[in-house]
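Chain by chain, the residues:
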Amino acid sequence: MKLFIAILLAGFITSVHAHKVVGGVYAIGSLIEGEAGFSNGDMAHEGTVVTITNAQSHPLGSTIIDDQGIFQFQATQQQDHHFHIELGAGHVLNLTLPANELPDGLGLTQIAPQTSALSDTRAEKRPSFEQNPHVIANLVERAVAKQVTPLRKEIAALQAQRGLTDILGGLGYILGLVGLGMYFRYRQSAKV
């Protein structure tokens with residue numbers, strides 16, 4: 001019985017110190033931004049290489065994580081992007097950005113509309129977002145992404161905490177059942 005309790009305690013100590021890799025990727029227009037780190041709040045080391053492939057495992061490029069645990073990659077085509085990050089000590093993080101999160105028509109050659117040589121000179125003085133409505137859409141996407149980034153970090157931290165709570169709760173149930181079994185065993189041996 002003492003061996004059983006020792007094994008339970010050893011498992012408890014190991015699970016308390018364990019941490020998992022967490023991260024996420026999201027698109028801001030055609031720019032893909034991501035972050036990588038651990039559930040305990042530590043971010044990936046600066047200079048860690050991120051390799052990017054498509055759905056067929058053909059290389060699309062690579063980038064490097066900065067001192068904040070963040071990386072960026074400029075997408076050139078609307079396709080799935082798979083990110084592979086080796087964080088050391090056997091920790092590997094694989095992330096995927098689906099093609100539908102990138103702008104429609106990305107990578108397709110677009111023909112600019114022809115303008116008349118006699119165009120109104122007032123049109124040239126308009127702000128660029130009037131000439132190209134995608135500019136304002138990009139500005140909005142960047143503003144939203146800037147606000148969402150801290151929320152993603154908080155969600156990952158909460159998920160990691162919930163996992164620890166679940167482990168501790170499960171160990172409590174096991175220890176309770178062991179105690180209950182020992183109680184009934186003691187009562188049976190006292191009756192004999």
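Given the structure is predicted, the values throughout are model-derived calculations rather than measurements.

Some details on the side chain of His 81
Item 1. Relative to the helices and strands, His 81 is located in strand β6 (residues 81-88).
Item 2. Among the residues examined, His 81 registers a relative accessible area of 1% and is labelled buried.
Item 3. Among the polar contacts listed, one links the side chain of His 81 to the backbone oxygen of Gln 79, at a separation of 2.7 Å.
Item 4. Excluding residues that lie within four positions of it along the chain, His 81 makes contacts with Ile 32, Ile 52, Thr 53, Leu 60, Phe 73, Ala 75, Leu 95, Thr 96, Leu 97 and Leu 102.

A short note on the sheet that holds strand β1 (residues 21-28)
Item 1. Taking strand neighbours across the sheet as the criterion, the three strands line up as β1-β2-β5 in an open arrangement whose pairing is antiparallel. Two strands close off the open sheet at either side, each with one partner strand: β1 and β5 (70-74). Taking each pair of neighbouring strands and ignoring which way they run, the sheet shows an average axis angle of 20°.
Item 2. By the bridge criterion, five bridges tie strand β2 (residues 31-38) to β5 in an arrangement that is antiparallel. Paired with Glu 35 across the two strands is Ile 70, which belongs to β5.

Let's talk about the environment of Leu 97
Item 1. In this structure, Leu 97 sits in strand β7 (residues 91-97).
Item 2. On a C-alpha basis, the gap between Leu 97 and Phe 83 in space is 8.2 Å, while along the polypeptide they are 14 residues apart.

What about the environment of Leu 87?
Item 1. With respect to the element layout, Leu 87 can be found in strand β6.
Item 2. Exposure remark for Leu 87: the relative accessible area of 10% places this residue in the buried category.
Item 3. Taking C-alpha positions, Leu 87 is 7.1 Å from Thr 48, a pair spaced 39 residues apart along the chain.
Item 4. Contact partners of Leu 87, with chain neighbours within four places excluded, come to Val 21, Ala 36, Gly 37, Phe 38, Ala 44, Thr 48 and Leu 93.

Parameters and conventions
In this convention, every chain numbers its residues from 1, walking through the sequence in written order. A pLDDT threshold of at least 70 governs which residues receive local features in this predicted model, and a stricter bar of 80 or more applies before side-chain atom pairs are shown or counted, although totals over entire chains, interfaces and linings include all residues. Side-chain descriptors were evaluated using all non-hydrogen atoms of the structure, hydrogens and water having been removed beforehand. Numbering of helices and strands runs from the N terminus, with a helix taken as a DSSP run of H or I at least four residues long and a strand as a DSSP run of E at least two residues long. Burial classes follow relative accessibility: with a 1.4 Å probe on protein chains only, a residue under 20% of its type's maximum area counts as buried, one over 50% as exposed, and anything between as partly exposed. Each polar contact in these results corresponds to two N or O atoms within 3.5 Å; when the atoms are within protein, one needs to be able to donate a hydrogen and the other to accept it, and residues that are neighboring in sequence are counted only if both atoms are side-chain atoms. By the convention used here, residues are in contact when the closest approach between their heavy atoms is within 4.5 Å. Whether two strands pair comes down to DSSP finding at least two bridges between them. Angular values range over 0 to 180 degrees, each being the angle between N-to-C directions of two axes fitted as lines to C-alpha atoms, with helices fitted over their stretch in contact.

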